[in-house]
Amino acid sequence: MSEASNAPLLVVPNRRGLSLDREDESLVHEASPLPTISMREILRAIGRRIWPATTIVVVAVLGTFVYLLLTTPTYVAVSKVLVKVGREKLSPLAMSGGASSNFVFSEKPENVNDEIEILQSSSVIDRSFPALQAKLEEIDRDPANEAPPQTTIEWAKYVFRMLKRDLSEAGDWLLQTAKEPLYQIGFSQRLSPETLLREKLIKALGVAGVKETNVFSVSFSWSDPNYAAFALNTIMDAFQQEHMRVQSNLGGPIDFYQDQQKRVATELIDTNKKIEAYVKVTGSSDPVAEKQTQLTLIGLLERQLADNVVAVQQTRERMDAVRNSADGSSWPATPGVPQESMSGLVELDSRYAQLISNRNKLVAQWRADSPLVQDTDTQIARLRQQKQEALVNYLGDRIRIQNQAEVSIRGRLTEARAELNRLRDVEIGYLSLQAERDQRLTQLKDYEHQIGQLRVQRTLDSHDVSSVRVLNRASPPGVQSWPRKGLIMGLAALFGLLLAACYIMVMQFFDRTVSTERDLANVLGLPVVARIPKY
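Numbering of residues begins from 1 in every chain and follows the order in which that chain's sequence is written. Since the coordinates come from a predicted model, pLDDT governs what is reported: local features require at least 70, and pairs of side-chain atoms require 80 or more to be given and counted, while whole-chain, interface and lining totals use all residues. Side-chain measures were taken over the full set of non-hydrogen atoms in the model, leaving aside hydrogen atoms and water.

## Details of the nonpolar core
No. 1: Among the buried residues, those of types Ala, Val, Leu, Ile, Met, Phe, Trp, Tyr and Cys that are joined through side-chain atoms within 4.5 Å form a nonpolar core. A simple rule labels every residue: compare its accessible area, found with a 1.4 Å probe on the protein chains alone, to the largest value its type can have, and call it buried under 20%, exposed over 50%, or partly exposed in between. Membership of the largest hydrophobic core comes to 31 residues, with the highest contact counts inside it found for Phe216, Phe220, Trp222 and Phe239.
No. 2: To qualify as a helix, a DSSP run of H or I must reach at least 4 residues; to qualify as a strand, a run of E must reach at least 2; elements of each kind are numbered from the N terminus. For this core, the secondary structure elements donating two or more residues are strand S3 (75-83), helix H4 (112-120), helix H5 (122-141), helix H7 (193-204), strand S7 (215-222) and helix H8 (225-247).
No. 3: If one sorts the elements of this core by residue count, H8 sits on top with nine residues.
No. 4: Here, residues are in contact when the closest pair of their heavy atoms is within 4.5 Å. The contact partners of phenylalanine 220, leaving out residues within four places of it in the chain, are Tyr75, Val76, Ala77, Leu201, Ala204, Leu205, Tyr227, Ala228, Ala231, Leu232 and Ile235.
No. 5: Of all hydrophobic cores here, the second largest spans 14 residues; its members include Trp331, Tyr352, Leu391 and Tyr394.

Below, the structure written as structure tokens:
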């Protein structure tokens, strides 16, 4: 054994056990590793420090209890809103024209988030703020809230409640006093009581959507359950009014469309005046119909011109045939033309028929070379010559007439084509004005349709048809939502136990005393042969 281990061990009793002298404390560090700790030793360590541990747990629980007493309870009133098909989701569609138009309605999609944004807007609080402020002042002035109770328990609760209110007012006064220098130097802005109350109301309002539904939940947190329910119902009423204002503000659109309708009606009158002036200047009341008439006339003249050209060609061919038959013995036939213009040729035909008849009689009585027959042949030849000359003169006159007719037709055709070109130019301007007038008429019809839609919607608004429905009105909550006293007290007790356990572990770790024979044996590695009792 080393020199340090052979040194005398001075053991002195104290109230917690035996302690080693300072000079032999090094023996503890040279001892073997600590053995396992039994449950008895753990209980003995807890028993040695039971009172400090108990004090820690009691302090934690009492401190939490005092906190709960001083904390103002919070009550949450809850209501739910359904976004459904209503006036704002119905769009009137005209099914037939005229004054007696029928209307059907088609659904328009709405977003629940839009309604949440409307509810969270400052306009809703502005609408409900006067009623909420008046209700708070009424609660503060209500004698029932200030009158002392009769029983001892109620008296204690009343005194404690007044104490909490005084402490809260004192805390607010201290906070305002601390902020006063900041107000003076401009680092902070002093808010009016109305503004502070408004901000407090906004923070008390909560909105959350319900997944996979068209429903969202609205809550209002306040220290008074009756006021929480009243405030939430007031805010929901203001929300429905604001919703109707935002979604169905029809006065402006109706006025706008009516102004547009008046403007287009004025433009339509101006367009009609332009059309009248244009017709007066051009001399064409209906250029489209006149153009069609002119096209028909041009077609007729072109057919007449073609027929006249063919007739001239045929007449020339007949004239050539008559001239070529001048030396023949055949009698030239009279063409089939109106008889009033062929009386001279018909007379020649009659004389020719008479001479042929006389010749035939003479040939029956006389020889062909007799003077009578020869004289008759001479007369026939002279008459044939006259007939040929008459035919040539007649056909020549007819060709001149046909040429004059051709010139006349060509002149009329040129005039008709020139008029057609003019009508085409006139038609372009006329159709442009007509298109402008049709556009104005279409715009008038569209504006009338829009005004009809908005008037139907305004009629629905007058019956308070809305696309939001409050599923349930808020009622005063019977249980406070905060603080949750049972949970907080349980957590406080658990925290106190954990803190006490940590205290025992730390104190046991730094404890250098020897309390039992086993401690001494573990430290020195020697068996204990005797015990000196405490006296």
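## Re the confidence of the model for the chain
No. 1: Each residue carries a pLDDT score, the predictor's confidence in it, ranging from 0 to 100. Chain-level statistics for the chain give a pLDDT mean of 78 and a share of 80% at 70 or above.
No. 2: The least confident element of the chain is strand S5 (residues 103-107), whose mean pLDDT is 40; the most confident is S7, at 92.
No. 3: With pLDDT under 50 throughout, residues 1-32 is counted as low confidence; its partners more than four residues away or in other chains account for 39 contacts.
No. 4: A low-confidence stretch, residues 86-110 (pLDDT under 50), is modelled with 64 contacts involving residues beyond four sequence positions or located in other chains.

## Side note on a nonpolar patch on the surface
No. 1: Residues enter a patch when their relative accessible area is above 30% and they make no salt bridge; the linking distance is 9 Å between like charges and 5 Å between nonpolar side chains (Val, Leu, Ile, Met, Phe, Trp, Tyr). Surface accessibility in these figures is a Shrake-Rupley result with a 1.4 Å probe; residues are shielded only by whichever protein chains are displayed. Here, a salt bridge means any Lys or Arg side-chain nitrogen found within 4 Å of an Asp or Glu carboxyl oxygen. Among the surface-exposed residues, Met39, Ile42, Leu43, Ile46, Ile50 and Trp51 lie close enough to one another that they form a single nonpolar patch of about 630 Å² accessible area.
No. 2: Of all elements in the fold, only helix H2 (39-48) and helix H3 (50-70) reach the threshold of two or more residues within the nonpolar patch.
No. 3: A per-element tally of the nonpolar patch places H2 first, with four residues.
No. 4: Residue leucine 43 is classed as exposed on the basis of its relative accessible area of 53%.

## A look at the pattern of salt bridges
No. 1: Per the counting criterion, the structure on display carries 11 salt bridges.
No. 2: Linking lysine 291 and glutamate 427 is a salt bridge whose minimum nitrogen-to-oxygen distance equals 3.0 Å. Taken together, the residues span a long stretch of sequence, with lysine 291 in helix H10 (residues 287-324) and glutamate 427 in helix H12 (residues 371-462) at a distance of 136 residues.
No. 3: For glutamate 427, a relative accessible area of 11% gives the class buried.
No. 4: Between arginine 422 and glutamate 419 there is a salt bridge; the shortest N-O distance is 2.6 Å. You can see arginine 422 and its partner glutamate 419 sitting in helix H12, three residues apart, about one turn around the helix.
No. 5: Classification of glutamate 419 by relative accessible area gives partly exposed; the value is 25%.
No. 6: Counted as one network, the salt bridges with shared partners bring together Arg263, Glu267, Glu436 and Arg440.

## Describing the packing of aromatic side chains
No. 1: Think of it this way: a Phe, Tyr or Trp ring, Trp meaning its six-membered ring, pairs with another when their centres are within 6.5 Å, and the plane angle makes it stacked under 30 degrees, edge-to-face over 60, tilted otherwise. A complete count under the given rule lists eight aromatic pairs for this structure.
No. 2: For the pair phenylalanine 216 and phenylalanine 239, a centre-to-centre distance of 6.3 Å together with 85° between the ring planes defines the contact as edge-to-face. Highlighted residues: phenylalanine 216 in strand S7 and phenylalanine 239 in helix H8, separated in sequence by 23 residues.
No. 3: Judged by its relative accessible area of 0%, phenylalanine 216 falls in the buried class.
No. 4: Of the residues examined, phenylalanine 239 reaches a relative accessible area of 0% and is grouped as buried.
No. 5: Where tyrosine 227 meets phenylalanine 230, the ring centres are 6.4 Å apart and the plane angle is 40°; that geometry is what we call tilted. Note that tyrosine 227 and phenylalanine 230 are positioned in helix H8 at a spacing of three residues, about one turn of the helix.
No. 6: By relative accessible area, phenylalanine 230 is classed as partly exposed at 29%.
No. 7: Ring pairing ties together the aromatic residues Phe220, Trp222, Tyr227 and Phe230, which thus form one cluster.
No. 8: Geometrically, a lysine NZ or arginine CZ counts as sitting over a ring once it is within 6 Å of the ring centre and also within 35 degrees of the ring normal. One residue, lysine 135, lies across the ring of phenylalanine 230, its end atom 5.2 Å from the ring centre.

## Observations concerning H3
No. 1: A helix is expected to span 1.5 Å multiplied by its residue count minus one. Over its 21 residues, H3 runs 30 Å from end to end, which matches the ideal 30 Å to within 8%, given 1.5 Å per residue.
No. 2: Taken residue by residue, H3 has Ala53, Val57, Ala60, Thr64 and Leu68 as its buried positions. Take H3 and look down its axis: the buried residues cluster within an arc of 70°, on one side only. Away from its buried face, by an angle of more than 90 degrees, H3 presents the exposed residues Trp51 and Val59.
No. 3: The inward-facing, buried residues of H3 abut helix H13 (485-509). For this quantity, the arc is that covered by the directions from the helix axis to the C-beta atoms.

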